[in-house]
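Geometric and topological summary
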Amino acid sequence: MNITITPPKDESAADAAHSPKRQAFQKLWVYPLLALGITVVVELFNHKTFTEGFSSLFEFVTDNPLALLVDALIVLVTLVPALFLRRRVFWCVLATIVWLVAGGVNGFILLNRMTPFTMSDLTVLNTGLDTLPNYLSTGYIVLLAVALILSALGLILLFWKGPRNALPLKKRILVGILGMLVSGGALAGGWALAFQTNQLSTTFANLAFAYEDYGFSYCFLQTWLNKGIHRPSNYSQQSVNNVLDMLEEDSDPSSQPQTDVNVIFVQLESFIDPAQIKDLTLSEDAVPNWRRLSEEFSSGYLTVPVVGAGTANTECEVLTGMSTRFFGPGEYPYETTLMDQTAESVAYNLKENGYATHAIHNHRATFYSRNVVYGNLGFDDFTALEYMPQVPTTPKNWAKDAILTSQIVKALNTTEDQPDLVFTVSVQGHGKYPTDPVLEDPEITVVSYPDEDYHYEVEYYVNQVHEMDEFVGNLTETLSKRDEKTILVLYGDHLPALGLEAKDMEAGSLYRTQYIIWDNFGLAKEDEDMAAYQLSAAVLGRLGITNGIFNAYHQFCREESNYWSGLRTLQYDAMEGQKYLYDGTSPYQPTDMQMGMAPITLDHLSYMVDSWVLSGSNFSPYCEVRNADGDLLETEYISSNLLRILEDPGTDNVADLSVSVVDKHREILSDTE
């Protein structure tokens, strides 16, 4: 009897079919070459080479070669872990896809706004995906989804069937450690040399320019690692006391505060007077109300921390009196520091003077985590889009600002026995602006513009701004008819994303918008230019309201030579340090913030024809009825007083039901239970 003995399977022989690829990734020179190739492709996107040519990339390579080297070495460090693994090819392909996707996303973002892709953008990923239809057509979104699915399937197949390294584990560990030491050492050396020759920096005065000067890999890494406020070198209790002593010497709280004046802020999305853009000629004045108000009331330039995007950082500066430039590059304090701690704000300062505090935004409540952060900034209630009646939208599906007039009036009427702070954030002027003529009969037309590639984008933008100006006119007219003292602060949060450069602007800067301080009780006109973090203090100063350390500091210490360094000391101590300002404990406690200005009420449940109808008050299109078991029922919005229930509620007793406000991502914002 013949017995055939099968020899044990030789793994190296089994992998022989893959030997060419396997051997290629065993040659260590392949890794730096791949890293350099990835870096070059990523920089093609970063410098918008495909739309604006090679000049910016060429300038980067020739002026900052060490920065390019550091970028390549950062990529290399992410490839080196492949040396430890059997599936080297898989790891390298995965890392390559991640870098190229990040570079592509950065390129796409730069084409649609004026700030690059940062780690902070990942913290608002849901918001980004939510607004994607405003930037891409359905066809492109489908293609993008198909590409991502195919990439994922390809990676799974590569992991399963791809080549494997035949080196034993000990050799892989030794080679991997050697690779990490060499690449890490090269990165450290290149990093140090680049800083010595001023080809790299950790100070990003302009985030977009930093990406151009230092490269994507380095800058993106900085937006990840460089968070919070850096500790001042001389920080101590004495340094804080020195600032407080300066404040005490300069302060003059002798004036009697006017605490019977309603204070309203309206932050206008991407709003500027189109006349601020050089060589732009329109068929007529797009902002006649703004122009009239700026001539009659206090106005000036407002220096903001962002351009083309980053609304929340201008908002943060106005509310808190803190400069967001002290935080990490590209950081949104709304998504980091202010998520879990309070800070002095105009809301807290006015609450100390007996004010009710309201926040309003005609966009999603969770956008920039406002539904959490506003409670840490002292607001009593927050009315977002989900708590408003049916809102008209722009062709790009952003809510129009006209709705805000009624919402502001509602806030003033809700607390008639108190003066009010109403902080309002608009959204109508938001990009992306369409490159095709989507407006059938635009009221304002572009007669001439130097860059005709932006003709229809500019025309769309100025028509949105024109409607926002009409909202401003209606709001001031409405407020002027009320028998209440009111001060209204209007300002743009940043320039629109229209490919503008500093030389295109009358102000000579991409970081200057404008503000107006309107009132109905005869304040003197005082024109001055200021920064966003000084605005609320300037407004309260005109009312003689001086409480709050940051508020008083901006009011009385702006002319001091160490004003900037003192602000940094105060800001670090309050947010990151020992809170010497407050004897170790912040005096600001989070408010039990209500969603919506007035509670939703349920009055009566009745059956009509073929469905159940629930009557009550303060309903919105985002309201859904919940039955006694807690299940959400299919609900149709009829009006602010009526909801139709499209399935059996299981009861005829209204007391058994509740109503939840549910956003488009199915997150429950509040309910009536």
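One can find the structure itself at the top, above this paragraph.
This one's a predicted model, so the numbers in the text were calculated from it and none came from an experiment.

Here we look at the packing of helix 21 (residues 532-542) against helix 22 (residues 549-556)
For the pair helix 21 and helix 22, the least separation of the axes is 8 Å and the interaxial angle reads 85 degrees. Judged by the inter-axis angle, helix 21 sits roughly perpendicular to helix 22. For the pair helix 21 and helix 22, contact is made by Y533, Q534, S536, A537, L540 and G541 and by N551, H554 and Q555, respectively. For the contact of helix 21 with helix 22, the residue count by class is 3 nonpolar, 6 polar and no charged.

A word on the environment of F108
Within the secondary structure, F108 sits in helix 7 (residues 88-112). Taking C-alpha positions, F108 is 9.0 Å from K48, a pair spaced 60 residues apart along the chain.

Focus on the sheet that holds strand 13 (residues 611-617)
Strand order in the open sheet formed by 4 strands is 12-13-16-15, with antiparallel pairing between adjacent strands. Pairing within the sheet leaves two strands with one partner each, and these edge strands are strand 12 (601-608) and strand 15 (635-639). Shown here is a sheet whose adjacent strand axes are inclined to one another by a mean of 25 degrees, direction ignored. Inspection of the sheet shows strand 15 paired to strand 16 (residues 642-645) by 4 bridges, in the antiparallel sense. Looking across to strand 16, one finds that Y637 is bridged to L643.

A closer look at the packing of aromatic side chains
Evaluation of the coordinates by the stated rule reveals 27 aromatic pairs. Their ring planes at 10 degrees and their centres at 5.3 Å tell us that Y553 and Y563 sit as a pair that is stacked. You can see Y553 sitting in helix 22 and its partner Y563 sitting in helix 23 (residues 563-575), a full 10 residues away along the chain. Each member of the pair, Y553 as well as Y563, is classed as buried. Pairing Y582 with Y588 gives two aromatic rings, centres 6.0 Å apart and planes at 85 degrees, and the pair type is edge-to-face. For the residue pair Y582 and Y588, the accessibility class agrees, reading buried in each case. Every member of this aromatic cluster is reached through a ring pair, and the members are F265, Y374, F379, F382 and F423.

Quick look at the pattern of salt bridges
Charged atoms that come close allow side chains of opposite charge to pair. All chains considered together, the criterion is met by 20 salt bridges. Among the salt bridges present, the one from D273 reaches R291, with a minimum N-O distance of 2.7 Å. One end of the pair, D273, is in the loop between strand 1 (262-268) and strand 2 (281-282); the other, R291, is in helix 15 (residues 288-296), with 18 residues separating them in the sequence. Here D663 ties to R364 by a salt bridge, and the two come within 3.8 Å at their closest N and O atoms. You can see D663 sitting in the loop between strand 17 (658-662) and strand 18 (668-671) and its partner R364 sitting in the loop between strand 4 (356-361) and helix 18 (370-376), a full 299 residues away along the chain. Within the structure, one salt-bridge network assembled from shared partners comprises E526, E528, R542 and R558.

A look at the sheet that holds strand 3 (residues 298-303)
Hydrogen bonding along the main chain pairs the strands of a sheet, whether they run parallel or antiparallel. Strand order in the open sheet formed by 9 strands is 10-3-9-8-1-6-4-5-11, and the pairing between neighbours is mixed. Two strands lie at the open edges of the sheet, namely strand 10 (530-531) and strand 11 (594-595), each paired on one side alone. Against the sheet, helix 15 makes contact with strand 1, strand 3, strand 8 (486-492) and strand 9 (512-519), and its axis sits at roughly 70 degrees relative to strand 9, the strand it touches most.

Remarks on a nonpolar patch on the surface
A cluster of nonpolar side chains, V142, V146, I149, L150, L153 and I156, forms an exposed patch at the surface whose accessible area comes to about 570 Å². Checked against the element boundaries, V146 lands in helix 10 (residues 138-161). Overall, V146 belongs to the partly exposed group, its relative accessible area being 40%.

Looking at the pairing of strand 12
With 7 bridges joining them, strand 12 and strand 13 adopt antiparallel strand pairing. Following the sheet pairing, T601 is matched in strand 13 by S617. Counting the residues in the hairpin turn of strand 12 and strand 13 gives 2 residues, including V609, whose phi is positive at 60 degrees.

What to know about helix 13 (residues 216-225)
A large share of helix 13 lies buried, amounting to 8 of its 10 residues. Residues of helix 13 that are buried: F216, S217, Y218, C219, F220, L221, Q222 and T223.

What about the nonpolar core?
One broad trend across soluble globular proteins is that nonpolar side chains are buried collectively. F265, Y334, Y374 and F379 are the most contacted members of the largest nonpolar core, which has 88 residues in total. Contact partners of Y374, with chain neighbours within four places excluded, come to E315, L319, Y334, A359, F379, F382, F423, V425, T591 and M593.

Here we look at the side chain of N262
Secondary-structure assignment places N262 in strand 1. Every residue in contact with N262, bar those within four places of it in the chain, is listed here: L412, P419, D420, E484, K485, T486 and I487.

Some remarks on the environment of Q464
Of note, Q464 is situated in helix 20 (residues 455-480). Between the C-alpha atoms of Q464 and P437, which are 27 residues apart in sequence, the distance is 14 Å. For Q464, the contacting residues outside a window of four places in its chain are T394, P395, Q428 and L439. In this structure the side chain of Q464 is engaged in a polar contact, spanning 2.9 Å, whose partner is the side chain of Q428.

Rules of the game
Residues numbered from 1 in each chain as written. Predicted model: local features only at pLDDT ≥ 70, side-chain atom pairs only at ≥ 80, totals over all residues. Heavy atoms only, no water. Axes fitted to C-alpha atoms, helices over the stretch in contact; angles between N-to-C directions. Helix = DSSP H or I, 4+ residues; strand = E, 2+ residues; numbered from the N terminus. Parallel < 35°, antiparallel > 145°, perpendicular 65-115°, else oblique. Contact = heavy atoms within 4.5 Å. Nonpolar A, V, L, I, M, F, W, Y, C, P; charged D, E, K, R; others polar. Pairing = 2+ DSSP bridges. Phe/Tyr/Trp six-rings, centres within 6.5 Å; stacked < 30°, edge-to-face > 60°. Buried < 20%, exposed > 50% of the residue type's maximum accessible area, 1.4 Å probe, protein only. Salt bridge = Lys/Arg side-chain N within 4 Å of Asp/Glu carboxyl O. Patch = residues over 30% accessible without salt bridge, like charges linked within 9 Å, V, L, I, M, F, W, Y side chains within 5 Å. Areas by Shrake-Rupley, 256 points an atom, 1.4 Å probe, with all protein chains shown as cover. Core = buried A, V, L, I, M, F, W, Y, C linked by side-chain atoms within 4.5 Å. Polar contact = N/O pair within 3.5 Å; in protein donor to acceptor, adjacent residues only side chain to side chain.

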